[in-house]
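Coordinate analysis (summary)
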Amino acid sequence: RLPRQRREGDAGATETGLQPLLTNIERVGVVSTYGASQWVVLAAGDNGRRMWSHALRPLFARGCALSWLGLYDMDMTTDQQRKVFLEKVEEAYKRF
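Below you will find a few notes about this structure. (Residues numbered from 1 in each chain as written. Predicted model: local features only at pLDDT ≥ 70, side-chain atom pairs only at ≥ 80, totals over all residues. Heavy atoms only, no water.)

Describing unusual backbone geometry
Spelled out, the test is: Strands are runs of DSSP state E lasting at least 2 residues, helices are runs of H or I lasting at least 4, and numbering of each runs from the N terminus. Remark: exposure states derive from per-residue accessible area (1.4 Å probe, protein chains only) relative to the maximum for the residue type, with buried under 20%, exposed over 50%, and partly exposed in between.
For aspartate 46, which is not glycine, the phi torsion reads 45° and is therefore positive. Here aspartate 46 shows up in the loop between helix H1 (38-43) and helix H2 (47-56). Aspartate 46 gets classed as buried once you look at its relative accessible area, which sits at 5%. For aspartate 73, which is not glycine, the phi torsion reads 55° and is therefore positive. On the secondary structure map, aspartate 73 appears in the loop between strand E2 (65-71) and helix H3 (79-95).

If you want it as structure tokens, here you go:
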């Protein structure tokens, strides 16, 4: 997560120079699919999650919550596994 340090006269810019103008967004939910296993994704740095949490979330409200649901190894999942994942997504976003 990028630090959010305010400097005098910078209208809320972070120390990276980003200016959070989407401060009305307090929660972000992401659903993603991966062709690789969770271990491979983690070893590679989980770039999608990192992009949302480190590059985009600083543009939203301070303390913006990020909800992430991922279906890993999608190419090898069964219809039943995909169905269970979709039910999990539906349940998670009922409360969102």
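From this point on, the discussion continues.
As for the nonpolar core
Here is the rule we go by: Among buried residues, those of type Ala, Val, Leu, Ile, Met, Phe, Trp, Tyr and Cys that are joined through side-chain atoms within 4.5 Å constitute a nonpolar core. Note on contacts: a residue pair is in contact if any heavy atoms of the two residues lie within 4.5 Å.
Ranked by size, the top nonpolar core spans 8 residues in total: Val28, Val30, Tyr34, Val41, Phe60, Cys64, Trp68 and Tyr72. In contact with valine 28, other than residues within four places in its own chain, are Trp52, Phe60, Cys64, Ala65, Leu66, Ser67 and Phe96.

Concerning the pattern of salt bridges
Quick note on the threshold: By salt bridge we mean one thing: a side-chain nitrogen of Lys or Arg within 4 Å of a carboxyl oxygen of Asp or Glu.
Under the criterion given, the structure shown has 3 salt bridges. Between aspartate 46 and arginine 49 there is a salt bridge, with its nearest N and O atoms 2.9 Å apart. For arginine 49, a relative accessible area of 30% puts it in the partly exposed group. Close ionic contact of aspartate 79 with arginine 82 constitutes a salt bridge, the shortest N to O distance being 2.3 Å. Within this pair, aspartate 79 and its partner arginine 82 are both found in helix H3, separated by 3 residues, close to a single helical turn. Residue aspartate 79 is classed as exposed on the basis of its relative accessible area, which comes to 60%.

Brief notes about H3
What counts is decided by this rule: By definition here, a helix of n residues has an expected span of 1.5 Å times n minus one. Starting at the helix axis, one direction is taken to each C-beta atom, and the arc is that of these directions.
The end-to-end C-alpha separation of H3 is 25 Å, in line with the 24 Å expected for 17 residues at 1.5 Å each. Within H3, the full set of buried residues consists of Phe85, Val89 and Ala92. Here the buried residues of H3 occupy an arc of 70° about the axis, which is enough to place them on one side. When the buried face of H3 is taken as reference, the exposed residues oriented beyond 90 degrees from it are Asp79, Gln80, Leu86, Glu90, Lys94 and Arg95.

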